[in-house]
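Residues per chain, in single letters:
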Amino acid sequence: MSSAGEQDFEPVILALACNWCSYAGADLAGISRCQYPANVRIIRVMCSGMVHPNLVIDALTKGADGVVICGCHPGDCHYQEGNLKAERRAEAITLMLQDFGIEEERFKLAWVSASEGPQFAKLMTEFTEQIKRLGPSPYRS
Amino acid sequence: MNPGGRNPAVGAAMVVGGGIGGMQAALDLADAGIKVFLVETKSAIGGRMAQLDKTFPTNDCAMCTMAPRLVEIGRHRDIEILTLSDVERVEGQAGNLTITVRRRPRYVDESRCTGCGLCTSACPVPLPSEFDFGLGQRKAIYRPFPQAVPNVFAISRRGASPCQAGCPIHQSAQGYVALVAQGRFDEALAVILRDNPIPSICGRICTHPCGTACTRRLLDDRINMPALKRFVTDRRPDYQLPKPSVERPEQIAVVGSGPAGLVCAYHLRQKGYQPVVFEALPVAGGMLAVGIPTFRLPRPVLHAELERLSALGIQIRVDTPVGRAIRFDELRRQYAAVFVAIGAHVERRLAVAGEDSPGVMGGLEFLRRVNVEGPQEVGRRVLVIGGGNSALDAARTALRCGAAHVTLVYRRTRAEMPATAREIEDAEREGVKLVFLTAPAEFQAADGHLKALQCIRMQLGAADASGRPAPQPIPGSEFVLPCDTAIVSIGQTPDVAALGERLGLDATKSGTLRADPVTLETAVPGVFVGGDCVTGPDMVVTAMLAGKKAAISIDRWLNGQDLRAGRELEGPYPTQYVIDTAGWQTQRQIPVPMLDPAQRAKSFDEVETGYTEEQAVAEARRCLSCGICSDCHMCADACEAHAIDFGMLEELREVKVGAVVLAPGFEPFNLAALPRLGYGRFPNVITALEFERILSASGPYSGHVQRPGDHREPKRIAFIQCVGSRDCERDYCSSVCCMYATKEALMAKEHIGDRVECDIFYMDLRAFGKGFEAYYERAKGRGVRYIRSRPVSIEEIPGTRNLTIQYLGDGERKKTGEYDLVVLSTGMQPPRDAKRLAGLFGTELNRFNFCQTSVFAPAQLREGVYVGGPFAEPKDIPETVMHASAAAAKVLALLNDARGSQIAVKEYPPEIDVSGQPPRIGVFVCHCGSNIAGVVDVPRVVEYVRTLDNVVYAENNVYTCANDTQERMKQKIQEHALNRVIVASCSPRTHEPLFRNTCREAGLNPYLFEMANIRDQCSWVHMHEPEKATRKAKDLVRMAVAKSRLLDPLKKGKLSIRKAALVIGGGLAGMTAAAELSSQGVPVYLVERGKELGGNLRHIRYLFNGESPQEELRNLIGKVSGDENIHLFTESRITAIDGSIGKFKTTISSGDRVETVEHGVVVVATGAGQYQPKEYGYGNGNSQVITQLDLESRLSDPGRDGMSGTVVMIQCVGSRDKERPYCSRVCCSEAVKNALKIKRQSPDTNVYVLYRDIRTYGFRESYYSQAREQGVVFLRYEEDRKPEVAKNGGRMDVTVYSPLMEREIRIEADLVVLSAGIVPDPGNQETAQLLKIPRNQDGFFLEAHMKLRPVDFATDGVFVCGLAHAAKSIEESIIQAQAAVARASAILSKEYVELEGTISSVVAENCDGCAYCVDPCPYKAITLVEYTVNGSIKKRVEVNESLCKGCGTCQATCPKGGIVVRGFKPVQLAAQVAAALEVV
Amino acid sequence: MAARLAEEWFTICGGCEVTILDIGEPLLDLLEKVQIVHMPVLMDHKLFGQTGEKTEMEIPEAEVGLISGGIRTEEHKLLAQEMRRKCKTLIALGSCACYGGIPALANLYSTEELLTKVYRESVTTDKNGFPHEDVPALTDRVYAISEVVKVDVMLPGCPTTPEMVAGALTALLEGRPFTLSTKSVCDECPTIREKKASSTLRRRLEGPEFTPGAPLNQMRCLMEQGFLCNGPATRSGCGGSDGTPRCIRAYMPCEGCFGPISEKANPMVDMMGALSTIGLDPKQIPDRAATFNRFSGAGRLRPAVKR
């Protein structure tokens, strides 16, 4: 991608954030006025462990330029080990992205706690930049 | 029960302290039917835990685990939180207490504040944040932390600052100064204009009593308020005064256009009246125009102010002397009221000979002529007589009129001059000479020209009526001052003769007009007087006050109101609070730039040129913010919810409760008591709590670990333990510091990486809690270095500001280490309020000022007053939580009969059936003041939303969460038959419950509600991209709409509850739980597998504090076996437990009898056993090697003699080793207890204790000290070099290597006592399987959450207590048993358990029974069942709704959508995704 | 009057045609009700007219059309369209027709890769150029029939089952609708399920534990025994009226030949999700795409991305 293209390209990024830690961390980013690119659309889930790989693969094959699942740090899960389940599934998702011809950088699993507002903003900023560098999803029509 | 047998008990309780303990007690009580008043002295609950970063030993984020609980309390209908409150008075007795609570004002209306935070950004007063221990800043209006509950702001406000109080018109000086300091000049101007209609004049010539009151002058110089005011007004020469918002027809006459008249006219105009100002002179402005020279007040400035007033509609008629141009009675007839402010324009005369000579003139006359006609001719030599500002003005004007020499003659000294010092200085610089102690005697003229003034020298005598020393002439000291012109400027009086009498107004003896000092009324109704004509010549601002007062009086008079009420604080008053001036840095006032004195004396140009922007900001930053809140009202202007109320007052509230739980927490050790550690002197020596904030991602450095001194990342960190613990004064252990230091060291490594070195200086590493030892091992494995030593000194290295620690390590001599950062592990002190609280509630404190409790009643202080948390003894979070629950259990027992009597019951309308209806969606988009609307184009979003399918209604609101909007929402739901509601505003985490409730009140199922977070996750994070934020807001709403179409009404399942409990285990914990449950009227099935009740307690013969365990045990057994509510099953075992919370079915087999009982809850109290040592030659009939329990029974056997010879105790037998890597917690204390007993019985017996770390935590520490004092020898050994015991004839040889002495020591012992550890009961495995509850690696039961749910299991309705949970003391077992009861009571007190609506459900047509979801379910809520279809057997899963928590692991596992979480179904999430990807 | 029946075969082994024979005796009844008008496997029928006089391929009109095999060449595409035009009801016969089947494993490679492999790199061929004249051009990938033309009835399976073919034809002839099961193989699988967690996979040839002769409902779920089984993500029906899935009956895990349960489903994603949740290291699973989508490669398999 040319640098001009990178600037023009506004990726659509989805963040699936668990209610107890990451969604709260995203809220804290707001409360602390940490700025990050406006490309991220957050979808609240109760636990990162409730996200079916289908949802991620579907999103990425239907035009999302990037998807990030955010969960509690290991040990912090409100439901004991949902985040660890999510971690296992994320490995599977990453592997399968190859099968779908999608760059694995388009998907990420990240831990964000309720007190990590700035970290959430940083994560979103970096992820957006990463996606911008990659350019539009191969599935974007 | 009816406590005290008097009035019926009150079904309410008070919890004092809103920390984690208080919160737990409040929740336990409220959930069990007791109304709770939660009293918190701070502005929000949360306590110390809120400040922590992570928690040990799980490294959970403190806020993550705590925030949901905060929210739960915040919205609990039966918990009333009283913040900023302290208990003031306590009356009555247990069951019936009347408690008076003093509530300090918050200045923010809790019911209106939406927590949006606009106020904070508007506030100009930065303060060190207490929450971050001063490492970060907050504003005067603040919320201690973002998750605070109540989620409302508060203002730190002491009241009017000295400057404001000292100003006659109470100009908010601190306010505009604070705004200037922030470079917010326009807002500063707005603040000034609020009280002052002529600020550009005041900025030049007001004498500023505010400065006289300024606290800064105590230190160096006052703040230069006038120069700041002038700067602000000069910047915007075209500023306008606020326009009146109402209009009234009444015309008011104002006589005199001086500052009094103008200000009165202004305030009247603001109230809507039509004032007309009459001025006798040809120019308006009174003294301002004719008395003040232009080099101090340039005329364009004055004219501009007059113009502004005229622009408001104030008529000023010059050349209109009242009495001549218009008659006074006419005035009174034509005007609704009259204000007379004619000033004091008649000059005093000297009354000396020759005063009528040519060349002698009055000072005012001279100034008036210059001001009206232009420069006047004066002689070469000018004398000015007088010492006031007018005299100086005249002198300086004379210079500018061309005089060569100007001399000021004053009869007292410089010190007595009424003129301001600055004016005197300015005049002298320009060349005016001053002659003091000189009085004029006679003007000498010749040839029609003034020649000289004969004077006489004076000396100062006794004070006169004015308080100044009276000058006395010195006889024979006459001398002559030659002069060509003399200007007499010794004061003025009002023209009472000319006007006052003609107006029919009374005069005073001193020649001024008489007026009521408060109301300015005169004897003539409707006529008010004020200003110099009443006070005599005075400051401009005093005249302005008169004008303001007159306006208030006139308004009240015209409206028939009381003229006098509530005017006490009009005019200057002294500050009403004390300001601590300690620790301020000096910084002199910034001088105001002026014209060169030589130049300026020749011109009438303004002398001062005014501050530059940088100078103004620098000067304003000197302000000390005495009032904290500056009264600038910027927050009130910013608050669109109108929640700020500066009029709030302290209030006393009387609350009736049946009992009290004291949970005020602890106070961190005050380091001022230990100056040698360098805290406060060395910036890189910090406390552990400060380090928590530094580590915290939401802390002052956003989690980037750095030292406060220079914000550099530390490379070497030292932690110093036992700071404020285990010393002579505080002979107790704070119990938590070893672990938190370990945690902080680990976290530092996590943040910085393993390159950071962390050294912990400690005495004994007290990792005695559950999972602590493993955590300690983990830290060691990660490279945290533990140095057993108490540091000798800490010194700062100049230059690097690093710190040198000198310490004594094992063996060698003194060592030294250099560190970048030193963290002091400060201990716990009793709460600051300890003595006061104890006094109020009539309870006892121990010698350290913690609560005095008994081992067998650990939560009770006296009947009706209970304690939970570190107020009783230093303890960590889970123990605090348990203790608080235990206190709640005691309250529940006491108030059992009154339960439910005071709790709120809410009725909802019947639910509308929306099934089969197409979605009709209503969307409410919130502005959140300008929080959202300031960035996102809300109307455009609304417009867009209306175009979406199924949206039938959309609107925008300033605050959707406001009460009136909620009512409106209900209306709209009905009006438009909405069956889905969406609010686009803030976070569902905080506001979803509110909106759901509103839906419910409108008859809509609450689950048909959905939120779009367009504030926290949109406008706030894209503040500089309004276009993109608006687009994103549309997307977010579209996604919410997409999901809402697929929402289903959900029902919360209900489980009826069988009011009975099963308690497994008849030891201390089990019996305590059974007895407590029974005292709440709950039938109990107590199952004990042994023959006898009592468990391990049967072997404990005595305690440290003299209490008698066996007597207590007998009482308890008696109570339990005699209680008809308790069904005792001894020699019984449980063979099956079916069911779940609310209804368990348990099969108990006792011998050949098998019985099945039903109960709603289970308490697991199966206890633990003593380790049977294999070490040190124990057993095999060797009577010289015994355990501590053996020793205890021997020592308490009255038939045996005392010990003699040498006793060696060996610690950690069967604990802290490979096989059992946990600490058994109690053995150190047991050893100390038995050692003391031996010493008491036979002081000559030698007692050696061979240990690894002595873990006598809490108050046990003092017994350890006692043991050492009494000669018990404590010898440390190392894990890898355990002591050796060998038989040597009749004695035992014990060999131990002492690392301290670096050599082996051999002791010949008569008795070797092994401190055998505690091992989990082998039956735990079976119990775990029966109840499907987990155990940890060591074999003890694993609670739901190690910090906040220490007695619960993840399986609802099952609780754990006592040794089954982990090793613990008697007291701790009792606490946990009581806590289990409190937790169980919350369930048993209800008719049914309400289940969450958003839980899993099986989609029958999709589920094929593959069973993938069964094992991953963390709650074991899914089971595989078989059923038959057309004769073939099929499988399918089933969800136990009472176990499911809705985590969705199953839904993410199922390969074919056979199980889904309601409200988060894959189709619903997919709809959101699809909507997000839609191209708009 | 007998209904006219046309049958075409594309990329196929012929097994599904054999299945028709396997219907056995009921076939005789069935044959009385139909008149086969076009069926290259049985009889010669010239597509361009008996003398090659036509310029476009043509087949006779029929009430029922059967197509087995997926589309691999441009000719298949045209023929499929012709079948659609001429047949009132079009049936995809077997998993190749329904989902691409085994030939669609070729979709894991680009056409160029395939040709290079087959015509240049394969040791058994002369290193000649690619065939180009006299053979129809290859399509860019293998397609299921339904990706090219509308299909009315799908009869999946590799091969499909005689019972299902007979059932479908009988239903159609009698004017009854024919629908497939929406259940998965697990629904018909009688094995015992105890605990899914299994940390290591076993190779097929190791063979599961079972008691010979004992009913299958005494054998433990093969997945739980460590064999990758496609059951949860595969449409049921292979067992026919007996109920028990064919592979299970042979003590083998389900291969997934009946294809995904719904058109949207992707067995690989669904199975990978489920397997990773129960603790299986996803990297352990060999040849992911081919393992789970072995029979449904049309639209579900793609050439691996070169990185």
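If you're wondering where the values come from, they're calculated on a predicted model, not measured in any experiment. (Residues numbered from 1 in each chain as written. Chains lettered and ligands numbered in written order. Predicted model: local features only at pLDDT ≥ 70, side-chain atom pairs only at ≥ 80, totals over all residues. Heavy atoms only, no water.)

## A short note on the overall build of chain C
What chain C contains, in helices and strands, is eleven helices and seven strands. Taken along the three principal axes of its C-alpha coordinates, chain C extends 65 × 50 × 35 Å. Relative to all contacts within chain C whose residues are 6 or more apart in sequence, the contacts with residues 24 or more apart total 77%. On chain C, roughly 14400 Å² of surface is accessible, and the fraction owed to carbon and sulfur atoms is 55%. Charge centroids of chain C, computed over 35 positive and 39 negative side chains, lie 7 Å from each other. (Helix = DSSP H or I, 4+ residues; strand = E, 2+ residues; numbered from the N terminus. Contact = heavy atoms within 4.5 Å. Areas by Shrake-Rupley, 256 points an atom, 1.4 Å probe, with all protein chains shown as cover. Lys, Arg positive; Asp, Glu negative; His and termini not counted. Charge placed at Lys NZ, Arg CZ, Asp CG, Glu CD.)

## Examining the environment of isoleucine 34 of chain B
Residue and element names in this part refer to chain B. Relative to the assigned elements, isoleucine 34 resides in the loop between helix H1 (20-31) and strand E2 (35-39). Considered as a pair, isoleucine 34 and aspartate 605 are 571 residues apart in the sequence and their alpha carbons are 77 Å apart. Not counting residues within four places of it along the chain, the set of residues in contact with isoleucine 34 comprises Gly11, Ala12, Ala13, Leu29, Asp78, Leu892, Leu895, Arg899 and Ile903.

## So, the interface of chain B and chain C
Counting residues at the interface gives 19 residues for chain B and 23 residues for chain C. Together chain B and chain C conceal approximately 1600 Å² of surface at their shared face, both sides included; 52% is due to carbon and sulfur atoms. Three residues, Asp1408, Tyr1412 and Pro1455 of chain B, lead the burial of chain B against chain C; their summed loss comes to 38% of the area buried on that side. Applying the counting criterion to the chain B and chain C interface returns three salt bridges. A salt bridge links aspartate 1408 of chain B to lysine 183 of chain C; its shortest N-O distance comes to 3.2 Å. Inspection of the chain B/chain C interface yields eleven residue pairs in polar contact (both at pLDDT 80 or more). The set of elements that each furnish at least two residues to the side of chain B that touches chain C consists of strand E68 (1432-1439) and helix H40 (1449-1453) of chain B. Among the elements that make up the side of chain B that touches chain C, the one with the highest residue count is H40 of chain B (three residues). Taken together, the residues of the side of chain B that touches chain C break down into nine nonpolar, four polar and six charged. (Buried area = accessible area lost by both parts, 1.4 Å probe. Salt bridge = Lys/Arg side-chain N within 4 Å of Asp/Glu carboxyl O. Polar contact = N/O pair within 3.5 Å; in protein donor to acceptor, adjacent residues only side chain to side chain. Nonpolar A, V, L, I, M, F, W, Y, C, P; charged D, E, K, R; others polar.)

## Thoughts on the sheet that holds strand E25 (residues 485-488) of chain B
Residues and elements named next belong to chain B. Taken together, the five strands give an open sheet; going across it, the order is E17-E25-E18-E19-E20, and neighbouring strands pair in parallel fashion. Taken across any chain shown, the strands that pair with only one partner, and hence form the sheet edges, are strand E17 (360-362) and strand E20 (433-435). Across the sheet, the axes of successive neighbouring strands diverge by a mean angle of 25°, strand direction being ignored. Pairing of strand E18 (residues 381-385) with strand E19 (residues 405-409), which is carried by five bridges, proceeds in the parallel orientation. Counted as the bridge partner of valine 384 is leucine 408 from E19. Each of E17 and E25 is contacted by helix H14 (residues 363-373), which is oriented at about 80° to E17, the strand it contacts most. (Pairing = 2+ DSSP bridges. Axes fitted to C-alpha atoms, helices over the stretch in contact; angles between N-to-C directions.)

## Focus on the interface of chain A and chain B
Tallying the contact residues gives 52 residues for chain A and 56 residues for chain B. Surface buried jointly by chain A and chain B totals about 4500 Å² across both partners, of which 58% is contributed by carbon and sulfur atoms. Here chain A is connected to chain B by four salt bridges. Measuring nitrogen to oxygen at the nearest pair gives 3.3 Å for the salt bridge that ties arginine 989 of chain B to aspartate 27 of chain A.

## Focus on the packing of helix H35 (residues 1188-1195) of chain B against helix H36 (residues 1227-1241) of chain B
Geometry of a packed helix pair, given as the angle between the helix axes and the separation of the axes. All names here are of chain B. Where H35 meets H36, the axes come as close as 10 Å, and the angle between the chain directions of the two elements is 30°. By the angle between their directions, the pair H35 and H36 is classed as roughly parallel. For the crossing formed where H35 meets H36, the hand is left-handed. The residues of H36 that touch H35, namely those facing Gln1188, Leu1191, Glu1192 and Leu1195, are Glu1230, Ala1231, Lys1233, Asn1234, Lys1237, Ile1238 and Gln1241. Split by residue class, the contact of H35 with H36 holds four nonpolar, three polar and four charged. (Parallel < 35°, antiparallel > 145°, perpendicular 65-115°, else oblique. Left-handed = near helix turned anticlockwise from the far one by under 90°.)

## Regarding the domain arrangement of chain C
Residue and element names in this part refer to chain C. Split into domains, chain C comes out as domain 1 (3-173) and domain 2 (185-292). Between the C-alpha centres of domain 1 and domain 2 there is a distance of 29 Å. Counting from both sides, the interface comprises twelve residues of domain 1 and, opposite them, eleven residues of domain 2. Here domain 1 meets domain 2 over a buried area of about 800 Å², counting both sides, of which 60% is carbon and sulfur. Taken as a group, Tyr99, Thr161 and Glu163 account for 44% of the area that domain 1 buries against domain 2, more than any other trio of residues on that side. Counting every contact that joins domain 1 to domain 2 gives zero salt bridges. Where domain 1 meets domain 2, there are three residue pairs in polar contact (both at pLDDT 80 or more). Breaking the side of domain 1 that touches domain 2 down by element, the ones donating at least two residues are helix H4 (94-99) and helix H7 (162-173). Broken down by class, the residue content of the side of domain 1 that touches domain 2 amounts to seven nonpolar, four polar and one charged. (Domains from an automatic or database assignment.)

## Digging into the pairing of strand E53 (residues 1161-1164) of chain B
Residues and elements named next belong to chain B. By the alternation rule, side chains of E53 split into Val1161 and Val1163 and Val1162 and Val1164, which are all buried. Relative to E53, strand E47 (residues 1061-1064) runs parallel, the two being bridged by four bridges. Paired with leucine 1062 across the two strands is valine 1162, which belongs to E53. The sheet contact formed by E53 and strand E64 (residues 1358-1360) spans three bridges and is parallel. (Buried < 20%, exposed > 50% of the residue type's maximum accessible area, 1.4 Å probe, protein only.)

## What to know about the sheet that holds strand E36 (residues 803-808) of chain B
Residues and elements named next belong to chain B. Taken together, three strands build an open sheet; the order of strands is E35-E36-E37 and the sheet is antiparallel. A single partner strand is all that each edge strand has here, and the edge strands are strand E35 (793-796) and strand E37 (814-819). On average, each strand axis in the sheet is tilted by 20° relative to the strand beside it, whichever way the strands run.

## Here we look at the nonpolar core
By size, the foremost hydrophobic cluster in this structure holds 131 residues, and its most contacted members are Val923 and Ile1014 of chain B together with Leu275 of chain C. With eight residues, helix H32 (residues 1026-1045) of chain B is the largest single contributor of residues to this core. Ignoring any residue separated from it by four or fewer positions in sequence, one finds leucine 275 of chain C in contact with Tyr1412 of chain B together with Met223, Leu228, Leu280, Ile285 and Phe292 of chain C. (Core = buried A, V, L, I, M, F, W, Y, C linked by side-chain atoms within 4.5 Å.)

## Quick look at empty space enclosed by the protein
Summed over all chains, the structure comprises 17 cavities of 30 Å³ or more. Each pocket or cavity is described by its volume, and for the largest cavity that value is around 320 Å³. If you trace the largest cavity, you find 29 residues lining it, with Asp876, Glu879, Met882, Arg1225 and Glu1372 of chain B closest to the centre. Within the residue set of the lining of the largest cavity, elements represented by two or more residues are helix H27 (877-894) and helix H39 (1370-1388) of chain B. In terms of residues, the lining of the largest cavity owes the most to one element, H39 of chain B, which gives four residues. Per-class residue counts for the lining of the largest cavity are 13 nonpolar, four polar and twelve charged. Approximately 180 Å³ is the volume found for the second largest cavity. Tyr23 and Ile42 of chain A together with Glu1010, Met1011 and Gln1472 of chain B are, among the 17 residues lining the second largest cavity, the residues nearest its centre. (1 Å grid on protein atoms, 1.4 Å probe; cavity = no way out; pocket = protein on both sides within 12 Å on 5 of 7 lines; lining within 4 Å. Points joined across faces, edges and corners; volume = space filled by probe spheres on them.)

## Some remarks on the packing of aromatic side chains
Under the criterion given, the structure shown has 28 aromatic pairs over all chains. Considering the side-chain rings of tyrosine 1085 of chain B and phenylalanine 1129 of chain B, the 6.4 Å spacing of their centres and the 50° angle between planes classify their relative orientation as tilted. Of this pair, tyrosine 1085 of chain B sits in strand E48 (residues 1084-1087) while phenylalanine 1129 of chain B sits in strand E49 (residues 1126-1129), placing them 44 residues apart in sequence. A single burial state applies to tyrosine 1085 of chain B and to phenylalanine 1129 of chain B, both of which are buried. Three or more aromatic residues joined by ring pairs make a cluster, and in this case those are Phe56, Phe768, Phe772 and Tyr1257 of chain B. Sitting over the face of the ring of tyrosine 23 of chain A, arginine 44 of chain A holds its NZ or CZ atom 5.9 Å from the ring centroid. Seen from the ring of tyrosine 776 of chain B, lysine 780 of chain B lies directly overhead, with NZ or CZ sitting 4.3 Å from the centre. (Phe/Tyr/Trp six-rings, centres within 6.5 Å; stacked < 30°, edge-to-face > 60°. Lys NZ or Arg CZ within 6 Å of the ring centre and 35° of its normal.)

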